[in-house]
Amino acid sequence: MQQSAAACQWTDVPTTMQQSEAACQWTDVPTTMQQSAAACQRTDVPTTLQQSETAYQRTDVPTTMQQEAQVPAPSFATDSPQQTGTIEDLGAVGGSNYPTVSGSSGVNVTYNFPLEGPGVPAPRPQQSQRPDQDPRWTDPSQEAGKKTRDVLKGVYKTTCSSVKLLPGVDNDQMHIAGINTKVQFKTREGRAFVTGQEDIITSTDYSKIFRRRARFGELIKRLIFFGTGIVGVSTMFDKIAYDWADETSEILNGFKLVFLLKMCALSQKSDLVDSTFDQLLGKKSGIEKDELDQFILANPNEVLILLDGFDEMKTKKLNAASFGSILKALNRTVYKECLVCISTRPSHLKILMPLMSLMSETLVQDPCTHVEVLGFTDEDVNDYVQKFYDKDPDIGKALIQTIEKSNTLRYFAKTPVLLFLMCLLWRKSKQLPKTTSRLFTEAIDHMFTRKHLSGYYASNTVIAIGKIALHGLTSANQKFSFQEDEFEPKALELALKAGILTQQRVIKNKSNNNIKFMHKTVQEYCAAKYLQSLNLSSTVGLLTRVKNKLNMIKYQRILNQLCSTFEGVVSNEFLFRFCCGDNEKCMMDIVNLLDRKFNKDRPRYQSSVIQAISRNCFLESQSAKVPLCLTSDSLIPSTIEVFKNDDFQSLMYLLEIICRSDSCKMQLARVTDISISRVSAVSDLAFVLGYMENLRSLRLYRCSSWNGGHVKILSSLKCNQHLTDLGLNISSRRAVEWAPHIKHLTSLNRLELACQALGWDSMEHIASAVANMPKLTDLSLATNVRLGGTVNLWTTELLKMRHLNRLDLSDCSYSVSDAEHIIATVADMPKLTELILAGNGNLIGNAKLWAKELPKVTHLNRLDLGNYVLDPTDIEHIASAAGDMPRLTDLILAGNRRLGGLAELWAKELPKMMHLKKLDLKHCSLLPTDIEHIASAVGNMPRLTNLILAPNWKLAELAQLWAKELPKMVHLKRLVLRECKLTPSDFEHIASAVCNMPSLTDLILDKNKALGASAELWATALPKMRHLSRLDLSHCNLTPSDIGRVTSAVGDMPSLTDFFLAGNPGLDGLDELQSRLPSLNVHVETHLS
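Residues numbered from 1 in each chain as written. Predicted model: local features only at pLDDT ≥ 70, side-chain atom pairs only at ≥ 80, totals over all residues. Heavy atoms only, no water.

The protein chain is annotated in an unreviewed UniProt entry as NACHT domain-containing protein from Patiria miniata.

Some thoughts on the overall build of the protein chain
Inclusion rule: Labels follow the DSSP assignment, with helices taken as runs of H or I lasting at least four residues and strands as runs of E lasting at least two, numbered in each case from the N terminus. The buried label goes to any residue with under 20% of its type's maximum accessible area, the exposed label to any with over 50%, and the partly exposed label to all in between, with areas taken from a 1.4 Å probe on protein chains only. By the convention used here, residues are in contact when the closest approach between their heavy atoms is within 4.5 Å. Accessibility throughout is a Shrake-Rupley quantity obtained with a 1.4 Å probe, and a residue counts as covered only by protein chains that appear here.
Summing up its helical and strand segments, the protein chain has 41 helices and 31 strands in all. Expressed as a percentage of its 1089 residues, the buried residues of the protein chain come to 58%. Sequence-distant contacts, at least 24 apart, represent 80% of the contacts inside the protein chain between residues at least 6 apart. Carbon and sulfur atoms make up 50% of the accessible area of the protein chain, which amounts to about 43,900 Å² in all.

Points about helix α9 (residues 272-281)
In an α-helix there are 3.6 residues to a turn, and that puts residues three or four apart on one side. Under the convention used in this document: Polar contacts here mean pairs of N or O atoms no more than 3.5 Å apart (in protein, one a potential hydrogen donor and the other a potential acceptor; neighbouring residues in sequence count only if both atoms are side-chain atoms).
With 8 of 10 residues buried, α9 is to be regarded as a mostly interior element. Residues Leu 272, Val 273, Ser 275, Thr 276, Phe 277, Gln 279, Leu 280 and Leu 281 constitute the buried set of α9. Where α9 begins, one side-chain oxygen reaches toward the backbone nitrogen of Val 273, 3.0 Å away; that side chain belongs to Asp 271. Immediately downstream of α9, the backbone of Gly 282 shows phi near 85 degrees, a positive value.

A few points about the packing of aromatic side chains
This is how it is decided: Ring pairs are drawn from Phe, Tyr and Trp, using the six-membered ring of Trp, whenever the two centres fall within 6.5 Å, and their geometry is named by plane angle: stacked under 30 degrees, edge-to-face over 60, tilted for the rest. Comment: the charge-over-ring label is applied if NZ (Lys) or CZ (Arg) is within 6 Å of the ring centre and within 35 degrees of the ring normal.
The tally for this structure, following the rule as stated, stands at 18 aromatic pairs. Here a set of aromatic residues connected by ring pairs shows up, and it is made of Phe 412, Phe 440, Tyr 525, Phe 574 and Phe 578. Over the ring of Trp 244 we find Lys 153, and its NZ or CZ is 5.1 Å from the ring centre. Its guanidinium or amino end placed over the ring of Trp 953, Lys 981 lies 4.8 Å from that ring's centre, counting from NZ or CZ.

Re the nonpolar core
Our working definition: Each nonpolar core is a collection of buried residues, namely Ala, Val, Leu, Ile, Met, Phe, Trp, Tyr and Cys, held together in the definition by side-chain atoms within 4.5 Å.
Ile 500, Leu 698, Trp 738 and Trp 850 are the most contacted members of the largest nonpolar core, which has 252 residues in total. No other element matches the 10 residues that helix α16 (residues 416-429) contributes to this core. Sequence-distant contacts of Leu 698, defined by excluding residues within four places in its chain, comprise Ile 674, Leu 685, Leu 689, Ile 713, Leu 717, Leu 723, Asp 725, Leu 726 and Gly 727.

What to know about the packing of helix α31 (residues 760-770) against helix α32 (residues 791-798)
We apply this condition: Comment: axis = line fitted to C-alpha atoms, over the contacting stretch for helices; angle = value between 0 and 180 degrees taken between N-to-C directions. Should an angle fall under 35 degrees it is taken as roughly parallel, and over 145 as roughly antiparallel, whereas 65 to 115 is taken as roughly perpendicular and any remaining angle as oblique. In the scheme used here, Gly and all other residues not listed as nonpolar or charged are polar, with Ala, Val, Leu, Ile, Met, Phe, Trp, Tyr, Cys and Pro taken as nonpolar and Asp, Glu, Lys and Arg as charged.
Direction vectors running N to C along α31 and α32 enclose 5 degrees, while the axes themselves pass 9 Å from each other. With respect to each other, α31 and α32 are oriented roughly parallel. Facing Trp 760, Met 763, Glu 764 and Ala 767 of α31, the residues of α32 in contact are Leu 793, Trp 794, Glu 797 and Leu 798. For the contact of α31 with α32, the class distribution of residues is 6 nonpolar, no polar and 2 charged.

Here's the deal with unusual backbone geometry
Cis rather than trans, the peptide bond between Ala 950 and Pro 951 has omega equal to -15 degrees. Locating Pro 951 in the fold gives a position in the loop between β26 (946-948) and α38 (959-962). One non-glycine residue, Lys 430, lies in positive phi territory at about 60 degrees. Examined against the element boundaries, Lys 430 turns out to sit in the loop between α16 and α17 (436-449).

Overview of helix α24 (residues 584-598)
Our working definition: To estimate how far a helix should extend, the number of its residues minus one is multiplied by 1.5 Å.
The end-to-end C-alpha distance of α24 is 21 Å, a good match for the 21 Å that 15 residues give at a rise of 1.5 Å each. Among the residues of α24, Cys 586, Met 587, Met 588, Ile 590, Val 591, Leu 593, Leu 594, Asp 595 and Phe 598 are the ones counted as buried. The backbone nitrogen of Lys 585 has a side-chain oxygen 3.3 Å away, supplied by the residue at the start of α24, namely Asn 583.

Some details on the side chain of Ser 677
Tracing the backbone through its elements, the reader meets Ser 677 in strand β16 (residues 673-677). Classification of Ser 677 as buried rests on a relative accessible area of 8%. Contact partners of Ser 677, with chain neighbours within four places excluded, come to Val 642, Phe 643, Lys 644, Tyr 701 and Cys 703.

What to know about the pattern of salt bridges
Applied cut-off: The working definition used for a salt bridge is a side-chain nitrogen of Lys or Arg within 4 Å of a carboxyl oxygen of Asp or Glu.
Under the criterion given, the structure shown has 34 salt bridges. Across the pair Arg 806 and Glu 834 runs a salt bridge whose closest N-O atoms are separated by 3.3 Å. Of the two residues, Arg 806 sits in strand β21 (residues 806-808) while Glu 834 sits in strand β22 (residues 834-836), which places them 28 residues apart along the sequence. Take Arg 806 and Glu 834: they sit in the same class, and that class is buried. Salt bridges sharing partners connect three or more residues here, namely Arg 699, Asp 725, Arg 750, Glu 752, Asp 778, Arg 806, Glu 834 and Arg 862.

Overview of the pairing of strand β17 (residues 697-701)
Spelled out, the test is: For two strands to count as paired, DSSP must find a minimum of two bridges between them.
Burial of β17 is extensive: 4 of the 5 residues sit out of reach of the surface. Where β17 meets strand β18 (residues 725-728), 4 bridges bridge the pair, whose relative direction is parallel. Note on β18: the bridge partner recorded for Arg 699 is Gly 727.

Side note on the pairing of strand β14 (residues 514-517)
By the bridge criterion, 3 bridges tie strand β12 (residues 481-483) to β14 in an arrangement that is antiparallel. When the sheet's bridge partners are listed, Phe 482 is paired in β14 with Ile 515.

A few points about the sheet that holds strand β13 (residues 501-504)
Spatial strand order, β12-β14-β13: 3 strands in an open sheet with antiparallel pairing. Looking at which strands have only one partner, the edges of the open sheet turn out to be β12 and β13. Direction aside, neighbouring strands of the sheet carry axes that sit 35 degrees apart on average. Here β13 pairs with β14 via 4 bridges, running antiparallel. Bridging across to β14, Gln 503 finds its partner in Ile 515.

Comments concerning the confidence of the model for the protein chain
Formally: pLDDT: the predictor's confidence for each residue, scored from 0 to 100.
Across the protein chain, the average pLDDT comes to 79, with 77% of residues at 70 or higher. Counted against residues more than four places away or in other chains, residues 123-137, with its pLDDT under 50, gives 43 contacts. Counting interchain partners and residues more than four positions distant, the pLDDT-below-50 stretch residues 165-176 has 69 contacts.

A short note on a nonpolar patch on the surface
Just so we agree on the cut-off: Any residue with relative accessible area above 30% and no salt bridge may belong to a patch, with like charges joined within 9 Å and the nonpolar Val, Leu, Ile, Met, Phe, Trp and Tyr side chains within 5 Å.
Together, Leu 542, Val 546, Leu 550 and Ile 553 make up a nonpolar patch on the protein surface, roughly 400 Å² of accessible area in all. Counting through the fold element by element, Leu 542 comes out in helix α21 (residues 542-562).

Quick word on the environment of Gln 532
Secondary-structure assignment places Gln 532 in helix α20 (residues 520-534). Overall, the relative accessible area of 13% leaves Gln 532 in the buried class. In sequence terms Gln 532 and Ile 463 are 69 residues apart; their C-alpha atoms lie 8.9 Å from each other. Sequence-distant contacts of Gln 532, that is, excluding residues within four places in its chain, are made with Phe 578, Cys 579, Cys 580, Gly 581, Asn 583 and Cys 586. Here the side chain of Gln 532 touches Cys 579 through a polar contact of 2.7 Å, landing on its backbone oxygen.

Some thoughts on the packing of helix α5 (residues 140-159) against helix α7 (residues 233-246)
Stated precisely, the cut-off is as follows: For any helix crossing, the convention is left-handed if the near helix is rotated counterclockwise from the far helix by under a right angle, and right-handed if that rotation is clockwise.
Between α5 and α7, the least distance of the axes is 8 Å, while the angle of their chain directions is 125 degrees. Classified by the angle between their axes, α5 and α7 sit oblique to one another. Note that α5 runs across α7; the crossing there is left-handed. Facing Arg 149, Leu 152, Lys 153, Tyr 156 and Lys 157 of α5, the residues of α7 in contact are Ala 241, Tyr 242, Trp 244, Ala 245 and Asp 246.

Focus on the environment of Val 785
Tracing the sequence through the fold places Val 785 in the loop between β20 (778-780) and α32. Judged by relative accessible area, Val 785 falls into the partly exposed class, the value being 42%. Residues Val 785 and Asn 840, 55 residues apart in the sequence, show an inter-C-alpha distance of 9.5 Å.

Here it is as structure tokens:
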């Protein structure tokens, strides 16, 4: 960390503005106005304006919606709040597929720029210059650079000055200066993403975009931008080019040249200079290609290259031997010091960075930074709708509420064009269609109708262009950009007129236009309609029957291709849903195919996802006929988990249909566990709960319910004799209405009431309800913040619940006085063995006032004081109190981040707690220097056998400093280093330390993703830990190659009996492991807690 800080502390560096000014100090060159005047006196030299008009002939064909609504843009406008985003900053290394953090804590980064880097000129002799003159260009390449700069600035001020937020609407162009969106960063080094704590930025914070540094201080000069929204990556690139031309950014002013190239006109052989002339400069610019190239090579730190649309590049199969200078620039073969940014859709990230898919080569070399353009936030959506309905705000408010209830609608609303469609349909009928496919059908019909085209034209045109859309989606590398000659001329004409397709001319002096669908989801809709059209069963006429037969064969082949992989099914979910729209036959085909391929012998996660997609397809069909597989054990499983409104809606539709059948009771009796979160209006569930006679667990988290919905749910459960676990998130403060219904649930063992609105006056009703429920041993009242400050009014109610073993009072804003009352009360609850007071931040720094009451609770086994409850000064008082609690064996101090870096002050107090067997210090921001003091203290606690140090990310990459302290803990049997961002080099030091800990039998290293794809660096250290009996490497991104190396190593660990490998992508390599070590228990579904 000190090295990183030192790496950034450059001295005697001019400010950014000074650098920018210095960058432009070339002498004895006439001003732009003088040049323009001179140019006009020559017949063969066009003016800058003339160059601008001819250099970049790009035509955006207006579409229907561009002629329709004039709605002011939300936060993209200059008078709107800035959107914010997240930067995940630098650390060490993590896994190859998931972002992880190893090391650094830096959130507030101070950018001290070195003399070299993107946008910073290379040193050059100072030259004299009069104040009224531009700098003098000393050679032809400098003159070429200046001419290029002038032309490019004219081009960008013309072609990049506005953006169409709403395709199809005239006069909707918004000036680019008002565009501002949300971006999120992930930095990648080596084989891993390197992330840190979050920082808030906007897309125009160019200092943080272009000044990001790698681990050792060097500037990162390769950035990958990706996103799917209309106001997305292309718009962001346009804005960068415009802001450079407009000279409004100090950071961008440091670049002498900015090249913005559209990759739909490029191939892998394309040359940077040639493409610049093709797309931007033209043949009559008066600039020599070789001189421009010389200028770029002489000034690489002052050149920014923006490559827009990698997924649209002409070449689909790359061959490094054929690369031109553009792709060579990406992999740093040429133009190494230029700053290169490339944009793509998420589907093509693996092609740009194949290491993400465990391949050996990479096009964009590390270090690089991923920049995700996130689009509209919820606040933007609200602002947009309110401005759309500014004359009738109540209608707009109703639409906002409708959108908020559906995850699908919220997803669509992030894209302005789709949000606009919803606004139009809502204005028409004050409601949205109940299925996604009907929403798009009505929206596209509306687009055609506004152009006076009938439904016949709409249907035929959608099917005709859908053939091309489907080809693009099913190609090896998904295709989203097309040429005119790929479409039927009449269908292309009508689709462009309606606005479903858009066109853009990129290459000068060529008539071919680049064709795109207005949004990826629209491309999926059109593809689905074409796929539907193949699934016909007409028996009229021989030729028709033959044609339909051939189409059916094609239909089945395409479905099999789309369902060939789990990842393919997930990425094509909307295509499947659209295909099932009001089409029972297609729904049956798709759902049955998914069941055959994915609901047998698959991991539970994959099966759950396929179940949700199948239910969504059934909902889209609006069929009353349920496929047999949807009523089998595979899709009416014992456990139902729903995490969003759309999945809940499709589940309820399925359950409603099932309840109409004669076998309803038998089917629903299979259900034993239901977990639902982030869903509104869960009261719809009440009518089916009565049929689930074997239901054991019902948990409703972050769910709202109107019109007494929770009362209905509780009432429907009163006859259930098996329900043992109930969790409710009730927003109603009137416990008098719903609490009495709980007393009928006499089989309950655990009750969680995370109600937030729960106040002191509710406790009487809750206590009365559970007082006569002797089986209830576990009560959670966590997150009920209104209980704080009023404990003296309700603690007596706790005494009615003397049968409790566990009481959770976390995150309730308790004061010191509250804590004293609670502890004094639970002292008279002799069966209570576990008390949770975590997250009550008002107690921090005040343990000397309330901890003295703890010894009164002599029957406690486990005490949780985690999450910002303690600081270093509190440990002395806690330790003294716990030392007088002989039954206390487990102490949870997790999440007390103020303890980090200060163990020297507090760890010495730990040995006072001689009875402890387990100590939890996860998420305490521990530093390597802390481990020495903790290990010394734990070494003097002979009963302590279980220590949890995970995750403490600041230990990452530094095990050589702290692992050597571990052997001091001679009594330790179990050590947890879960999700510590440990690297292969860390593993070596930890293994060497564990070798000298003969009592240690369990080592938990799961979720250390940097160990993935690198076992050749650490697996050989495994045999050092010969005495381990249980080793957990779950979710470590281990590849088949890793599993093979681990197999060889664990064969030399004679005491190992249990090996946990769940969640690793290389589980296909387990056969060799199990054949070589048949007595070893390999766990692929579960891991140690």
